[in-house]
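So the chains spell out like this:
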Amino acid sequence: MNWEQWLLPAILLSSFIPGIIIFALPEERHRLRTVLNLCGSILKIVLILVMDTGIYFGYNFEIRLSLIPGVELLLNGDPLSALFATLSSVLWLLTTVYAIGYLEGSPNRSHFFGYFSLCVTVTIGIALAGNLITFLLFYELLTLTTYPLIIHRGTEKSLRAGRNYLIYAFSGGAVFLFAVVALQTIIGPTDFTGAGFSPSFIDTHATALALIFILLIIGVGVKAALVPLHGWLPQAMVAPAPVSALLHAVAVVKAGAFGIIRIVLDVYGPQNLLLLGVLPLLAAVASITILYGSIRALQQDDLKRRLAFSTISQVSYIALGISLVDQPLAVIGGLVHLVHQGLMKITLFFCAGNLAETLGIHRISEMDGVARRMPFTMAAFSVGALGMIGIPPTVGFVSKWYLGLGGLAAGNWWVVLILAVSSLLNACYFLPILIRAWFGKQQGPWPDELYSGRFETRFMLLIPPLVTAFIVIAAGAVANAQISPLAWVRFIVRKYGL
Amino acid sequence: MNPFQLASPTWMISPIILPLIAGLLCFLLNRRTFAIALAAAVANLLAVCFLTYQLLLFGPMRCHMGGWQPPLGITLRSDGPAVLMLLMTAVTGLAITVYARGYFSHRILNLRQATQHQEQQRYFWPLWMLLLAGLNGLFLSNDIFNLYVTLEIIAIAAASLAALSGKPASQLASFRYLLVSLLGSLTYLLGVVFLYRSCGILDLDILQHHVANGPGIRAALALMSIGLLLKTALVPLHFWLPPTHANALAPVSVILSGLVVKGSFYLLFRLWFEIFTQLITPSALNFMGTLGAVAILWGAVQAMRQHRLKLMVAYSTVSQLGYLFIAFPLSRIDESIQVWSIVIFMALGHACAKSALFMVAGAVFLHLGHDRIKDLNGVRASLPIPVFAYGIAGVSLMGLPPSAGFIGKWLLLTSSLTSSQWWWALVIITGSLLAMIYVFRVMSRFFVIPEDYSVTTSAPLSPLLEWPALIMALISLFLGLAASWPMKILATGNTALTQVFPGGLP
Amino acid sequence: MITTLLYSMTGLLLFAMGLFTLFIHSHPLRKILAVNVMSTGVFLIMVATAYKPMPLGNIDPVPHAMVLTGIVVSVSVTALALLLACRVQETSNLDLLERKKQARIPEESRR
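What you see is a predicted model; the values in this text were computed from it and never measured.

**Overview of the overall build of chain B**
Across its full length, chain B carries 20 helices and two strands. Scaling as 2.2 N^0.38, a compact globule of 506 residues should have a C-alpha radius of gyration of about 23 Å, and chain B matches this with 22 Å. Each principal axis of the C-alpha distribution contributes one length, and for chain B these read about 70 × 55 × 45 Å. Burial statistics for chain B: of 506 residues in total, 63% are counted as buried. Pairs at least 24 apart in sequence give 79% of the contacts found in chain B among residues at least 6 apart.

Here it is as structure tokens:
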């Protein structure tokens, strides 16, 4: 047994064990809980950075556990899983800091942080999964661990949202399970090899494989909130703000998008998919989702709901990029958007949470002049929003640029058209918020001012959005450097030989 | 041969003898009953572990009782499936013993009718030990008439246990339960008579080679199957199960739902897939599968509609039993070992998860004084461990990975797709979605934070009531990760699978 | 041969009669009696099975052992069933009394 093998379980355990201990802790031991949370997340980041370095220098991380013939759990660190794992662990640290500040003094925190840790364990598990069965395992566990977070407030409204979430997620999971079994009966083990299965299966099982592809995409599409499977996401906004951040940027939606990437690149493989001719379908669904999400976002007055519909739209950029799999540039755009969207969206949700926690602002119509009261928060918000629209030098511009180039290279002018329309819509729903916040006049007292102190809000709430906003600009500005999300994505794409 | 040798098959009688002696002692001494029962449960577990070890070392074994050879003598047989069922019974049995102690102590402490509860406890231990002996006997017997006797022992003990609670509803339910069991046993016995008329043999091993297709044997199989189906509560013969299981005392519900129904199912399955294999036609298998499918859906829909937690759990048993029968039609293509592994995983997973659920239901009932689902608000705050156990057991019932239920469902799905019978796959998947609905319907109630935070707080529950549930739930969850061990035990001495899993010691 | 058949048929008839009564009648005692008749039917078939025609001349001992065991089981089960039936009757009467009592003292209604 060598260290390469044990690194992956150690990465999972670094948040699992603190999670279990936190469950057992009594409610009032908040100091110990905070220490555990932070130590766990920092340890996890360190371990994942070790893994990243190892992967870059060609080490092979893999551990298997055979359950029964044909069912094998496999953890495998490859460049793609490193991308998602690094993103999740870094954002988890920030979200933990934020959640500690956000939930100060509220009841049931032991449960909350316990599930929170389990949730990130499972997300990293999704990142490290080395075959479809392991992916399925963590994918279903993700539903289970996020459910208590969504209904954390324990109100009837949150229960309803939770119920809908479960129905959507488990139905998706069931479809996914069926598709995995069906696929495995045709092609055998579904390890993520990076090349897909042998093309000879296409000669014999073309229809079945195409159908299974659609079922698999439906299965992960529920979490990735592809239209028409997106219904749960706006409702889940009743959850506390750190949970929303987690759902949108770190865990759930990302897990769905990551699943799409895995299915396209690893399970089927680009060549097979081009032969099967099912990718235009994915591209169409992704495009519809992009436009639909943006249009619905326009109509929302509730800030978090607007952000939710914006997520629906933005995540589909990833699917769109992946669906143009014969164009390396488009794939780069899609993959890098996995990181970029997470950074931007988490900034926005942190800021929305700050507004709600500090001033009781939930609606956009209440935001007039808020930037004068909370300049730092709104500055971070503005960075995120401008990134979403795609203004350079933010990371949003980088993603859109590569997607557009990829579209053009294939002669798919409609991709550029969709990007343009979508950016326009993004501008339409984000710019009014910024204008109101910076240039509007305060209409009266804030709805529910809860905090007054040295800073504009609690320190723990202020730091995370500022950090993510900084990364949004920095990662965009140095996108071409040696160490940046874009550089790593290029490395991934080289590995896949596109 | 020296009966105390390591390789001696005589050890096989210990799982039957130990609980029987303990039961007698409990009844006669009437003091320290819990200590005796606990000692017997632990000794039983150790004995079964020893049998497992023996099996892995020497392969399947036969024990001729009293030195009489078949066809006249009665034999016991330990093989892979039998040992696994014994293990399931022993582990669940130990948890039940501990839980029952906590349950009775709590009731004796907290309620006014202490004498009545003491009386209940007094009768509980001997009956439970008798039932344990009967179940172990059922799993080990290799004689078709001896199996009838064990069935009757189980029926008597189970019906008396079900009547313990003393409530009018439970009296009526257990009377009905006894009659149904008797009807089932008698039908089975009639089948045995028909079989004996045609073959003149009672020993299962010899019978296996003497079974020839004929009207007498077909009638025998039909009668025996009907009798056992009645005891296993396959839809539409399930009518007696929900009232009996829901009205009994909580430890008794655990025994009935987790173990007793598995006994008759095990026998039925053994008859179909080991003895009467030649007689089984595809249409018969399909018929069983269809009943199983109806059971899955009907039970789940009924479970969704219940207003009481225990009834919900009882209907979920009806639904989960259906999965065991859906394995029947899938045996046509696959090796019988594949079907055995499906059934074993479903049965093991269900035994652990269902015991955990009934234990939680009992704990909730003791805590709140009722189990109305709509009034379960906020239990999470006061009973965190049982609620956690409920969640984990629910995961296993829904067949989510990595639970044992998932392994069972995975095997079911794989078999149904490789044999191009995809409709069973649809039923299986719909069933797990329905299970999700009924499990989480209750779960969400636990999580509600009630507005008036004044839950009637009775005395705090003893850890004996909480931990067995959690441990059983965790076993059901992690059994899936350790799935290769049951597979190895199952494969020992079975040539079909030894190629895949080399037998012998680990 | 004829004798065996005759006894067996009688046994089957008894079984069927018992089964019929078990389903038709609701009184507990009748149900218990029905089950007893059914088991007698089964035992009769068993005894008939033990008989072997003249040239062989032997009597098969195994069914006798089975019948003896069966009778023992049947007696004990009947005893238990009778006890339960009594309890059902008693508790349903008790229950009536209880309910009357509870109607008089409403705060007692919490069980």
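That covers the picture; the talk isn't over yet.
**A closer look at the overall build of chain C**
Within chain C, the regular secondary structure consists of three helices and zero strands. Listed by position from the N terminus, the elements making up chain C come as α-α-α. When the 111 residues of chain C are sorted by exposure, 27% land in the buried category. By sequence separation, contacts in chain C at least 24 residues apart represent 54% of the contacts at least 6 residues apart.

**Here's the deal with the interface of chain C and chain B**
In this complex, chain C contributes 28 residues to the contact, which on the side of chain B involves 23 residues. For the side of chain C that touches chain B, the elements supplying multiple residues, two or more each, are helix H1 (2-24), helix H2 (28-50) and helix H3 (61-104) of chain C. Looking at the side of chain C that touches chain B, the element that brings in the most residues is H3 of chain C, giving 17 residues. The residue inventory of the side of chain C that touches chain B, partitioned by class, reads 18 nonpolar, seven polar and three charged.

**Comments concerning the interface of chain B and chain A**
Taken together, the contact pairs 26 residues of chain B with 25 residues of chain A. Taken together, the elements giving at least two residues each to the side of chain B that touches chain A come down to helix H16 (404-418), helix H17 (422-447) and helix H19 (484-491) of chain B. Looking at the side of chain B that touches chain A element by element, the count peaks at eight residues for H17 of chain B. Within the side of chain B that touches chain A, the residues separate by chemical class into 20 nonpolar, six polar and no charged.

**Brief notes about the environment of Leu43 of chain A**
Residue and element names in this part refer to chain A. For Leu43, the location among the structural elements is in helix H2 (residues 30-56). Leu43 sits in the partly exposed class, given 17 other C-beta atoms within 10 Å. With 162 residues separating them along the chain, Leu43 and His205 place their C-alpha atoms 46 Å apart.

**Overview of helix H15 (residues 384-398) of chain B**
Residue and element names in this part refer to chain B. Between its first and last C-alpha, H15 extends 21 Å over 15 residues, near the 21 Å set by a 1.5 Å rise per residue. For H15, the buried fraction is high: 13 of the 15 residues fall into the buried class. One or two steps after H15, the chain reaches Gly399, where phi turns positive at roughly 75 degrees.

**Overview of the environment of Gly349 of chain B**
All names here are of chain B. On the secondary structure map, Gly349 appears in helix H13 (residues 336-368). With 29 C-beta atoms counted inside 10 Å, the residue Gly349 sits in the buried group. For the pair Gly349 and Ser415, spaced 66 residues apart in sequence, the C-alpha separation works out to 19 Å. When near neighbours in sequence (up to four residues on either side) are disregarded, Gly349 contacts Ser396, Ser403, Ala404, Gly405, Gly408, Ser476 and Leu479.

**Section: the confidence of the model for chain B**
When pLDDT drops low, the exact placement of atoms in the prediction is not to be read closely. On average, residues of chain B score 88 in pLDDT, and 93% of them are at 70 or above. Across residues 495-506 of chain B, where pLDDT falls below 50, the model places 15 contacts with residues more than four positions away in sequence or in other chains.

**Remarks on unusual backbone geometry**
Backbone torsion omega between Val227 of chain A and Pro228 of chain A reads 5 degrees, so that peptide bond is classified as cis. Tracing the backbone shows Pro228 of chain A in the loop between helix H7 (200-224) and helix H8 (232-235). Here the bond from Pro401 of chain B into Pro402 of chain B is cis, since omega is 0 degrees, no more than 30 degrees from zero. You can see Pro402 of chain B is positioned in the loop between H15 and H16. One non-glycine residue, Ala233 of chain B, adopts positive backbone phi at about 65 degrees. With respect to the helices and strands, Ala233 of chain B occurs in the loop between helix H8 (215-232) and helix H9 (241-247). Ala233 of chain B gets classed as buried once you count the C-beta atoms within 10 Å, which come to 28. Of note in the backbone geometry, Ser420 of chain B takes a positive phi value of approximately 50 degrees without being a glycine.

**Remarks on the environment of Ala327 of chain B**
Residues and elements named next belong to chain B. With respect to the helices and strands, Ala327 occurs in the loop between helix H12 (309-326) and H13. Distance in space between the C-alpha atoms of Ala327 and Leu411 is 9.3 Å, their sequence separation being 84 residues. When residues no more than four places from it in sequence are discounted, the contact partners of Ala327 are Val339, Ile342, Val343 and Leu412.

**Notes on the nonpolar core**
Soluble globular proteins tend to pack their nonpolar side chains together in the buried interior. Residues and elements named next belong to chain B. By size, the foremost hydrophobic cluster in this structure holds 421 residues, and its most contacted members are Leu131, Leu161 and Ala356. A total of 22 residues in this core trace back to one element, the largest contributor, which is H13. Not counting residues within four places of it along the chain, the set of residues in contact with Ala356 comprises Ala389, Ala393, Ala469, Met472, Ala473 and Ser476.

**Overview of the packing of helix H1 (residues 14-29) of chain B against helix H2 (residues 33-58) of chain B**
Residues and elements named next belong to chain B. Close contact between H1 and H2 brings their axes to 9 Å; oriented N to C, the two are set at 180 degrees. When the axes of H1 and H2 are compared, the pair comes out roughly antiparallel. Only Thr33, Ile36, Ala37, Ala40, Ala43, Asn44, Ala47 and Val48 of H2 make contact with H1, whose side of the interface consists of Ser14, Pro15, Leu18, Pro19, Ala22, Leu25 and Cys26. A per-class count over the contact of H1 with H2 returns 12 nonpolar, three polar and no charged.

**Description of helix H18 (residues 463-478) of chain B**
One turn of the α-helix equals 3.6 residues, which is why residues spaced by three or four share an orientation. Between its first and last C-alpha atoms H18 of chain B spans 22 Å; for 16 residues at 1.5 Å apiece the expected length is 22 Å, and the two agree. Those residues of H18 of chain B that sit buried are Leu465, Glu466, Pro468, Ala469, Leu470, Ile471, Met472, Ala473, Ile475, Ser476 and Leu477 of chain B.

**Examining the packing of helix H14 (residues 328-359) of chain A against helix H19 (residues 459-477) of chain A**
Residues and elements named next belong to chain A. Contact geometry for H14 and H19: axes closest at 9 Å, N-to-C directions at 155 degrees. With respect to H19, the element H14 is oriented roughly antiparallel. Seen along the crossing, H14 lies across H19 with a hand that is left-handed. Contact with H14, carried on its side by Leu343, Met344, Ile346, Thr347, Phe350, Cys351, Asn354 and Glu357, involves Leu461, Pro464, Pro465, Thr468, Ala469, Ile471, Val472 and Ala475 of H19 and no other residues of that element.

**What to know about the confidence of the model for chain C**
All names here are of chain C. Predicted confidence across chain C gives a mean pLDDT of 82, with 77% of residues reaching 70 or more. Here residues 105-111 is modelled with pLDDT under 50, and outside its nearest four sequence neighbours on either side it reaches two contacts, counting other chains as well. Interface confidence for the predicted complex, given as ipTM, is 0.90, next to a pTM of 0.91.

Reading the values: rules and limits
Residues numbered from 1 in each chain as written. Chains lettered and ligands numbered in written order. Predicted model: local features only at pLDDT ≥ 70, side-chain atom pairs only at ≥ 80, totals over all residues. Helix = DSSP H or I, 4+ residues; strand = E, 2+ residues; numbered from the N terminus. Rg over C-alpha atoms; globule rule 2.2 N^0.38 Å. Buried ≥ 20, exposed ≤ 12 C-beta atoms within 10 Å, placed from the backbone. Contact = placed C-beta atoms within 7 Å. Nonpolar A, V, L, I, M, F, W, Y, C, P; charged D, E, K, R; others polar. Expected span 1.5 Å × (residues − 1). pLDDT = per-residue confidence, 0-100. Core = buried A, V, L, I, M, F, W, Y, C linked by C-beta atoms within 7 Å. Axes fitted to C-alpha atoms, helices over the stretch in contact; angles between N-to-C directions. Parallel < 35°, antiparallel > 145°, perpendicular 65-115°, else oblique. Left-handed = near helix turned anticlockwise from the far one by under 90°.

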